[in-house]
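The chain contents come next:
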Amino acid sequence: MSRIVAGAAGGLPLKSVPGDSTRPTTDRVKEALFSRLESYDVLADARVLDLYAGAGSLGLEAASRGARLVLLVELAPKAAAVCQTNAGLVNKALRSDIVSVRRGSVDTVLDSFAPTAGVSGGKSWDLVFMDPPYPMTNDELSKTLQKVALLLEEHSTVVVERSSRSEEPIWPEGLTRFAEKKYGETRLWFAEPVQVAAE
């Protein structure tokens, strides 16, 4: 059974998605990931987007550790329902409605955040988790990363979780990889927005 590892809701058990259609991030990987994120100082008061959320464990962990707002995005009905249940458990433990859930495809949800013509804004996320299905191709992932890159705050972090046998993601213009780490069958890639030097 998955659980919140640390923070204000530490130890809280989470519901898992029935069946084998999702692969939850192990507690070992989660602990290592969040230890690294805390060293980057990106969790406190962060606006967090958890894409392909599964049961929502990464976004929920971020909420427990001080994120200001967390959105779980999941298309599969069973997984989205589990996200909703887990969000309710964590919000109750935190006594605040920090976590919300959007059911829908990741690309559709990202498109809904994009700034419309003539209207600024849209850059509203400090931390983005992406744990796409393994069958997703690198080209498909790159197109989604392109959309993510348009919605990031200046000093934000994007974490992509893939099989350790997967190739490195194709980073779109505007995102650059700054770290990677392998944990058994899992590899984490860390990227950040490209900083444009002032003229």
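Everything quoted here is computed from the prediction, not taken from an experiment.

A. A look at the overall build of the chain. Broken down by element type, the chain carries 5 helices and 7 strands. Scanning the chain from its N terminus toward the C terminus, one meets helices and strands in the order α-β-α-β-α-β-α-β-α-β-β-β. For 199 residues, the compact-globule estimate of 2.2 N^0.38 gives 16 Å, and the chain sits close to it at 16 Å. Taking the principal axes of the C-alpha coordinates as reference, the chain spans close to 50 × 35 × 35 Å. Considering only intrachain contacts with a sequence separation of at least 6, the fraction spanning at least 24 residues in the chain is 66%. Total accessible area on the chain is roughly 9900 Å²; 51% of this is exposed by carbon and sulfur atoms. Counting 23 positive and 26 negative side-chain charges, the chain places the averaged centre of each group 6 Å from the other.

B. Local environment of the pattern of salt bridges. This model, assessed by the stated rule, comprises 10 salt bridges. Arg165 is the partner of Glu185 in a salt bridge, and the nearest nitrogen-oxygen pair spans 2.4 Å. Placement of the pair is Glu185 in the loop between β6 (175-183) and β7 (186-193) and Arg165 in the loop between β5 (152-163) and β6, with a sequence separation of 20 residues. Judged by its relative accessible area of 66%, Arg165 falls in the exposed class. Between Glu180 and Arg177 there is a salt bridge whose closest N-O contact spans 4.0 Å. Members of the salt-bridge network, linked through shared partners, are Glu168, Arg177, Glu180 and Arg187.

C. Quick look at the sheet that holds β5. Spatial ordering of the open sheet is given by β3-β2-β1-β4-β5-β7-β6, a layout of 7 strands whose pairing is mixed. Both outer strands of the open sheet, β3 (99-103) and β6, are each paired with one neighbouring strand and no more. Strand-to-strand twist across the sheet, computed as the mean angle between neighbouring axes with direction ignored, equals 15°. Note: strand β4 (residues 125-130) against β5, 5 bridges, orientation parallel. Residue pairing across strands places Met130 opposite Val160, the latter belonging to β5. Together, β1 (47-51), β2 (69-74), β3, β4 and β5 form the strand contacts of helix α2 (residues 57-64), whose direction differs from that of β2 by roughly 175°. In the packing of helix α3 (residues 77-94) onto the sheet, the strands contacted are β2 and β3, and the crossing angle to β3 comes to about 170°.

Rules behind the numbers
- Residues numbered from 1 in each chain as written.
- Predicted model: local features only at pLDDT ≥ 70, side-chain atom pairs only at ≥ 80, totals over all residues.
- Heavy atoms only, no water.
- Helix = DSSP H or I, 4+ residues; strand = E, 2+ residues; numbered from the N terminus.
- Rg over C-alpha atoms; globule rule 2.2 N^0.38 Å.
- Contact = heavy atoms within 4.5 Å.
- Areas by Shrake-Rupley, 256 points an atom, 1.4 Å probe, with all protein chains shown as cover.
- Lys, Arg positive; Asp, Glu negative; His and termini not counted.
- Charge placed at Lys NZ, Arg CZ, Asp CG, Glu CD.
- Salt bridge = Lys/Arg side-chain N within 4 Å of Asp/Glu carboxyl O.
- Buried < 20%, exposed > 50% of the residue type's maximum accessible area, 1.4 Å probe, protein only.
- Pairing = 2+ DSSP bridges.
- Axes fitted to C-alpha atoms, helices over the stretch in contact; angles between N-to-C directions.

Note that every value here comes from positions in space, so none of it alone points to a role or purpose.
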